[in-house]
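One letter stands for each residue in the lines below.
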Amino acid sequence: MSAIDDLVTELAQLPGIGRKTAQRLTFYLLKQPAETAGRLAEAIRQVRERVTSCSACGTLTDVDPCAICTDPRRDAALLCVVEEASDVAAIERAGRFRGRYHVLGGRLSPLEGVGPEALHVDHLLARVANGDGVREVIIATNPSMEGEVTATYLQQTLKPTGVRVTRIARGLPVGGDLEYADGVTIAQALLARRDMSEAD
Amino acid sequence: MALVTTSAVVLQTYRYSETSKVVRLATRELGVQSAIAKGALRPKSRFGAGLELLSEGSAQLYFREARELHTLGAFDLANLRRDLAADVGRFAGATVLAEIMLKMAPPAPLPAAYDAFTAALDALAGASPDAIDAAGVRGIWLLLGVLGFEPSLGTCVRDGTAIDPDGTDPVSFSVAEGGVACPSCAPAPPLARLPRQAYRDLLALNDAAAGLPRLDAPHAAAHRRLVARFVRHHFGEAGPLSALDFWERRAWVSPPPSTPVPSAAS
Ligand SMILES: [Zn+2]
Ligand SMILES: [Zn+2]
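The shown structure was predicted, so the numbers you read here are calculated from the model rather than taken from an experiment.

### Examining the overall build of chain A
- Within chain A, the secondary structure is distributed over 8 helices and 7 strands.
- Considering only C-alpha atoms, chain A reaches an extent of 60 × 35 × 35 Å along its principal axes.
- Scored against the burial criterion, the 200 residues of chain A give a buried share of 36%.
- Considering only contacts within chain A whose residues lie at least 6 apart along the sequence, 56% involve residues at least 24 apart.

Next up, the structure:
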């Protein structure tokens, strides 16, 4: 296989990029000065080397703990629980939330063999119980069936701690991913959050 | 290619491309089928929010005989079954039923299996809190029955001797042979021994017309274990049964391992 084919094949595996686009990108790069391709290659290498999960909240970061966890202006009493680190990015883009995050690393999915032990639930309980000063846990799992069940599970698991547990509003399209919602929708869903109770 | 309209329940979805999903559907008219829902991941998709795990609706399938992947033309949502998400136990039971449909139901018309499946989902959603387990166990047994694995409970699985439900001795149950065995056929272990009350409860669980037996926690656990062993024995070769494991051990109730020291999240 030629070097051109190699790059086209690699690019075509990226989400949203078909074989045609991959070819266009490859030929574009070949027309640019060598440094352009060099910088791209280096940036890809660096992102793999430097980015890790924040040991406090689980989001992706260059420095550990992350800038959100160490920002003194952020409200440590508000903890927003999300499925994936990409959801943190989506809520940050909306720009309204001033608390901190907790990334679960997925959602309950019995059919895919994902149980509570596969999620960072013990770590969440420790953060709530360890006197981090958390007063409210906002559950912002996706409005999918499995995201809803995960919210139910977290509410039940957090209950003994006495912390206030709220769920973001259903302003988000049911079944839609947080990742795809626009900033205004996310901001409204956070603002209109409701207390979770047994009856919910 | 034929356009078929059929009642259907979503059993599984996964991303197929940037904009499309593949859905595995339990359909009433065509059995379990896979279909591509083109554009389902676009923000203003005509499928809306309908293609969610366990949601039920009317599916329009462009069906190609001899193909494995069909095309979903439309899905008119009738029941999102969101009430199942408000209780992990109800949801867990529902995912076991979905798993059995995915692993054991044929890609061919079997309306009785579809009806048993949806009736069990309804029963799980409507069960009182202390009857969720019994509703789940019954739903699984009845679904197994219409899929051709009805256990022999009234008569000995080996020689047909009638078993008296009002007797007092424990009743032997052979998971491998698929039913109960009379005393002369099963003089000793290794068969499971059901106390007579558990046997009567098992009869009632397998009879849709009987009242749902009241099972306390240890008995509910025993019935979950029995039906789970039965499913594993007969279908375990179809790959892991992770929803069955989750439901049987009530994974959401046992506290997660306590590690108070925050470990490096990864
Ligand atoms: Zn952090
Ligand atoms: Zn016999």
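Now, onward.
### Here we look at helix α5 (residues 217–235) of chain B
Residue and element names in this part refer to chain B.
- Taking 1.5 Å of rise per residue, 19 residues should cover 27 Å, and α5 covers 26 Å from first to last C-alpha, within 8% of that figure.
- Those residues of α5 not exposed but buried are Ala220, His223, Arg224, Leu226, Val227, Ala228, Phe230 and Val231.
- On the buried face of α5, the contacting elements are α1 (88–104), α3 (132–149), β8 (192–194), α4 (196–205) and α6 (242–248).

### Some points on the environment of A:Pro65
Residues and elements named next belong to chain A.
- Summarising the element assignment, Pro65 is placed in the loop between β2 (60–61) and α4 (67–70).
- C-alpha separation for the pair Pro65 and Cys54, spaced 11 residues apart in sequence, amounts to 5.1 Å.
- Sequence-distant contacts of Pro65, that is, excluding residues within four places in its chain, are made with Cys54, Ser55, Ala56 and Thr70.

### Observations regarding the domain arrangement of chain A
- Taken domain by domain, chain A comprises domain 1 (3–50) and domain 2 (60–195).
- Using only C-alpha atoms to locate each centre, domain 1 of chain A and domain 2 of chain A end up separated by 34 Å.

### Quick look at the sheet that holds strand β5 (residues 136–139) of chain A
Residue and element names in this part refer to chain A.
- Overall, mixed pairing links the 5 strands, which are arranged β4-β3-β5-β6-β7 in an open sheet. Since the sheet does not close on itself, it has two edges, and those belong to β4 (99–103) and β7 (194–195), each with one partner.
- Examined bridge by bridge, strand β6 (residues 164–167) and β7 share 2 bridges and lie antiparallel to one another. Along β7, the bridge assignment pairs Arg167 with Arg194.

### With respect to the domain arrangement of chain B
Residues and elements named next belong to chain B.
- Domain assignment breaks chain B into domain 1 (2–80) and domain 2 (83–248).
- With 13 residues of domain 1 at the interface, the matching set in domain 2 holds 16 residues.
- Contributions of two or more residues to the side of domain 1 that touches domain 2 are made by β1 (2–15), β2 (21–27) and β3 (31–37).

### Focus on the packing of helix α2 (residues 111–126) of chain B against α3(B)
All names here are of chain B.
- Where α2 contacts α3, the two axes come as close as 9 Å, and the packing angle between them is 180°. Taken together, the axes of α2 and α3 are roughly antiparallel relative to one another. The residues of α3 that touch α2, namely those facing Ala112, Ala113, Ala116, Phe117, Ala120, Ala123 and Leu124, are Ile132, Ala135, Gly136, Gly139, Leu142, Leu143, Val146 and Leu147.

What counts as what
- Residues numbered from 1 in each chain as written.
- Chains lettered and ligands numbered in written order.
- Predicted model: local features only at pLDDT ≥ 70, side-chain atom pairs only at ≥ 80, totals over all residues.
- Helix = DSSP H or I, 4+ residues; strand = E, 2+ residues; numbered from the N terminus.
- Buried ≥ 20, exposed ≤ 12 C-beta atoms within 10 Å, placed from the backbone.
- Contact = placed C-beta atoms within 7 Å.
- Expected span 1.5 Å × (residues − 1).
- Domains from an automatic or database assignment.
- Pairing = 2+ DSSP bridges.
- Axes fitted to C-alpha atoms, helices over the stretch in contact; angles between N-to-C directions.
- Parallel < 35°, antiparallel > 145°, perpendicular 65-115°, else oblique.

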